[in-house]
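A closer look at the structure
The primary structure of each chain is shown beneath.
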Amino acid sequence: MTAQPLTASRDLSVAELEELSHELRTKLLELCGTYEGAVHIGGDLSAADILTVLFEYGMTVDPDDISNPQRDRFVLSKGHAAVCMYIAMAIRGFFSYEGIVSSYGQLDSAYGMHPCKVQLPGVEASTGSLGHGLPLAVGMALSARHRGQQHRVFCLLGDGETGEGSVWEAAMAARSNRLGNLVAFVDRNRQLMTSMAEERVVFEPYTDKWAAFGWNVVHVDGHDMAALVRVVDELPDPDSDRPTVVVAETVKGKGVDFMEGNLAWHAGSLGKADLERALTALNTAFEASRTQKENV
Amino acid sequence: MPVTFTFGEFLSARSVIGSTLAELGETHDNLWALTPDIGATLVEFREKFPDRFLDVGLAEQVCVGIAAGLAYDGNIPVVSGMLPFLSMRALEQIRTDVCYPNLPVKIIGTHGGLVGNGGSTHYAVEDLALMCALTNMTVTSIGDPLMVGEVLRQSMAMKGPIYIRLAVGKSDQVLYQPGQHDVRIGKGIVTREGTDATIFTHGTTVAQAVQAAEALEQDGRSVRVVDMFTLKPIDADLIAQCAEETGGRFVVLEDHLAYGGLATRVADVVADRGIRLTAFERLGIPQVYAGFGGDEELRDKHGYGLAATVAATRRVLAAQP
């Protein structure tokens, strides 16, 4: 079987990507207001810009050709951000947003709290238990190398997740096998489920840790779309011999003032009034950032 | 190659794994061999297919995780290592990364049971209980080196994962002549015919069960030995047949915890099918951390050596329906 070549990533402007990111956050809040159970909204909102730049810009993927061997792979190691990935993929054309919002978390739905590849083709791996995604991504990158394929394997981790020892086993294995086709993003929102990152667990000096494992380290503002686009544009060649980690400084709950940096919003659901309040906050923040940019 | 062996002759299971994988690597260009620093078995494969061999060093979790990642991309990975560590340190990776998406990863290793004198850190005695609990996992325990090769060959067609348990030393005794039995995953092997009682066993203790049956033959008793090398899925029909044909007299012997392994699997079938037994005895490791000593010394100390097997079988034979 000869695979059809995939078209390269789409040439969207930073402003268009920001719009898509805003759409993703809006839909996340709507789902959080619709679904009765808790949604991991804090870590969804911190990851929204990263997932937008990957699915809309950085990765070569085709929603109509999900098995193409040349596609870039994406492993959501922080599996609790599944709903953010589902909606980002829906905006990209993989799934229907209505399908997600109407069935999320319900009996027999393919859209659960943590992604399941068996139930939801298009997702690359079943994840949710932290510290498992990067090893899977290493295996996928190794397979691509062996087959002489040029695609990349992307993996998104939470910074709290990198407390898991298996992450560092994978970091060592990726460097040992010279997997320049592997790109890990760390959503460095500096919060765990019940504590602030540096208070109970000292992660700093964080980028030094990855550098010490021999990775190519990029440090970026994870909510600066122009910067994220540059990071993606400047990724080392997949044939290079060092895996790349993009440590993206983010804010848990980003875009909704009463959620930002608030431990209470690791996960939750929004009542009608709170949903209105959240959407207003989100829109206000988005308009403010746009006005600020226009004035620069 | 036509070969003949006599019962109890030694042949290295590890060399059989090595040569079988090297052979399968020729016909399957997606076969990989991975190890957490226990690669001696894989030398032949490594030399033939260096780019499909991966030694990650001492890191069982990532070894299984990488295997799953390879399998997601259409490869067939074999992870070879020491079972106490693979089955416990990497248990969650086996369960969540391999079994949950039902990927064709093969976990094969040594040190199943009280073997090797490493102490309780180095004995896998809970592994079969753990592996049998995992949905999608096929669980085997093999005592005959040539059977290891045959099971590996058959497993190439499997869609999901398989666990292959070996011991060291004792497991390397040849039990069967090549072609003597129809070896099929999921089917027990009647190692020795008998009509008065059945000893169910697997792996290292098959030879011991045969010795016990031979000893009892001196008393004029006819004891069947079943090598139940597949624990999951269990050959329930064979268990029912043995109950019928050997007077409902069962002994289960294994180098594993007495509760949670084959004895539990057999008892489940007996309960589920409503099979009426005359007597049932289980011989295995009690709830202790076993300590140091030779393989046979430890079996004797913990009550499942040859003498204990003969004694238990005598009790079962004496039981009245």
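Numbers given for residues are sequential positions, taken from 1 along each chain in its written order. Here the convention is simple: chains get letters from A, ligands get numbers from 1, in the order in which they are written. It should be noted that, the model being predicted, local features are given only for residues of pLDDT at least 70 and side-chain atom pairs only at 80 or more, the latter also being counted only at that level, while totals for whole chains, interfaces and linings use all residues. In computing side-chain properties, one takes all heavy atoms of the structure into account and sets aside hydrogens as well as water.

Let me state the cut-off plainly: UniProt positions are given in the numbering used here, feature names are shortened, and annotations may be inferred rather than shown by experiment.
As annotated in an unreviewed UniProt entry, chain B carries the name Transketolase and comes from Quadrisphaera granulorum. In its Cofactor (unreviewed entry) section, the UniProt record describing chain B reads: "thiamine diphosphate".

For chain A, an unreviewed UniProt entry supplies the name Transketolase subunit A and the organism Quadrisphaera granulorum. Check the Cofactor (unreviewed entry) section of the UniProt entry for chain A; it says "thiamine diphosphate". Under the Sequence similarities (unreviewed entry) heading, UniProt states for chain A: "Belongs to the transketolase family."

Description of the nonpolar core
Note the following rule: To define a nonpolar core, start from buried Ala, Val, Leu, Ile, Met, Phe, Trp, Tyr and Cys residues and group those joined through side-chain atoms within 4.5 Å. The buried label applies to any residue whose accessible area, calculated with a 1.4 Å probe on protein chains only, is under 20% of its type's maximum; exposed applies above 50%, and partly exposed to all values in between. Secondary structure elements follow DSSP: runs of H or I of four or more residues count as helices, runs of E of two or more count as strands, with numbering from the N terminus. For the domains described, the bounds stem from an automatic or database domain assignment. By the convention used here, residues are in contact when the closest approach between their heavy atoms is within 4.5 Å.
In terms of nonpolar packing, the biggest core is built from 79 residues, with L134, L182 and W210 of chain A together with I66 and F200 of chain B touching the most fellow members. In terms of residues, this core owes the most to one element, helix α3 (residues 60-72) of chain B, which gives 9 residues. Looking at this core, you find at least three residues from each of domain 1 (13-172) and domain 2 (189-318) of chain B. When near neighbours in sequence (up to four residues on either side) are disregarded, L182 of chain A contacts L134, A137, V138, A141, V153, A174, W215, P243 and T244 of chain A. Membership of the second largest hydrophobic core comes to 64 residues, among which are L45, A47, I50 and Y86 of chain A.

Some remarks on the interface of chain B and chain A
Let me state the cut-off plainly: Salt bridge criterion: a side-chain nitrogen from Lys or Arg within 4 Å of a carboxyl oxygen from Asp or Glu. Under the rule applied, a polar contact is a pair of N or O atoms within 3.5 Å (in protein, one hydrogen donor and one hydrogen acceptor; residues adjacent in sequence only if both atoms are side-chain atoms). Each residue is assigned to one of three groups, with Ala, Val, Leu, Ile, Met, Phe, Trp, Tyr, Cys and Pro labelled nonpolar, Asp, Glu, Lys and Arg labelled charged, and all others, Gly among them, labelled polar.
Taken together, the contact between chain B and chain A spans 24 residues of the former and 25 residues of the latter. Inspection of the chain B/chain A interface yields 2 salt bridges. The interface formed by chain B and chain A holds 12 residue pairs in polar contact (both at pLDDT 80 or more) in total. For the side of chain B that touches chain A, the secondary-structure elements that each account for two or more residues are α3 and α5 (91-99) of chain B. With 9 residues, the single largest contributor to the side of chain B that touches chain A is α3 of chain B. Class assignment of the residues belonging to the side of chain B that touches chain A gives a composition of 10 nonpolar, 7 polar and 7 charged.

Details of the pairing of strand β1 (residues 73-76) of chain A
Residue and element names in this part refer to chain A. To be explicit about the condition: A pair of strands is labelled paired if DSSP reports no fewer than 2 bridges between them.
Taking every second residue as pointing to the same face, both faces of β1 are buried, with R73 and V75 on one and F74 and L76 on the other. Across 4 bridges, the pairing between β1 and strand β2 (residues 153-158) is parallel. By the bridge assignment, R73 is partnered in β2 with V153.

Points about the domain arrangement of chain B
All names here are of chain B. Heads up, the condition is: Using a 1.4 Å probe, buried area is obtained as the accessible area two parts lose upon being combined, added over both of them.
Domain annotation of chain B identifies domain 1 (13-172) and domain 2 (189-318). Placing the centre of domain 1 and that of domain 2 at their C-alpha centroids yields a distance of 26 Å. Regarding the contact of domain 1 and domain 2, the summed buried area is about 2200 Å², with carbon and sulfur atoms giving 59% of it. Taken together, the links from domain 1 to domain 2 amount to 0 salt bridges. Counting every contact that joins domain 1 to domain 2 gives 16 residue pairs in polar contact (both at pLDDT 80 or more). Of all the secondary structure elements, the ones that give two or more residues to the side of domain 1 that touches domain 2 are α6 (127-132), β5 (138-141) and α7 (145-155). In terms of residue class, the side of domain 1 that touches domain 2 is built from 15 nonpolar, 13 polar and 4 charged.

With respect to the sheet that holds strand β3 (residues 182-188) of chain A
Residue and element names in this part refer to chain A. The cut-off we apply is this: In this description, a line fitted to the C-alpha atoms serves as the axis of each element, helices being fitted only across the stretch in contact, and the angle between N-to-C directions of two axes falls anywhere from 0 to 180 degrees.
If you trace the 5 strands from one edge of the open sheet to the other, you get β1-β2-β3-β5-β4, paired in parallel fashion. Looking along the sheet, the strands with just one partner apiece sit at the ends: β1 and β4 (216-221). On average, adjacent strands in this sheet sit at an angle of 20° to one another, irrespective of strand direction. In this fold helix α5 (residues 133-146) packs onto β1, β2 and β3, with an angle of close to 170° to the strand it touches most, β2. Along the sheet, helix α9 (residues 225-233) contacts β3, β4 and β5 (244-249); its crossing angle with β4, the most-contacted strand, is approximately 160°.

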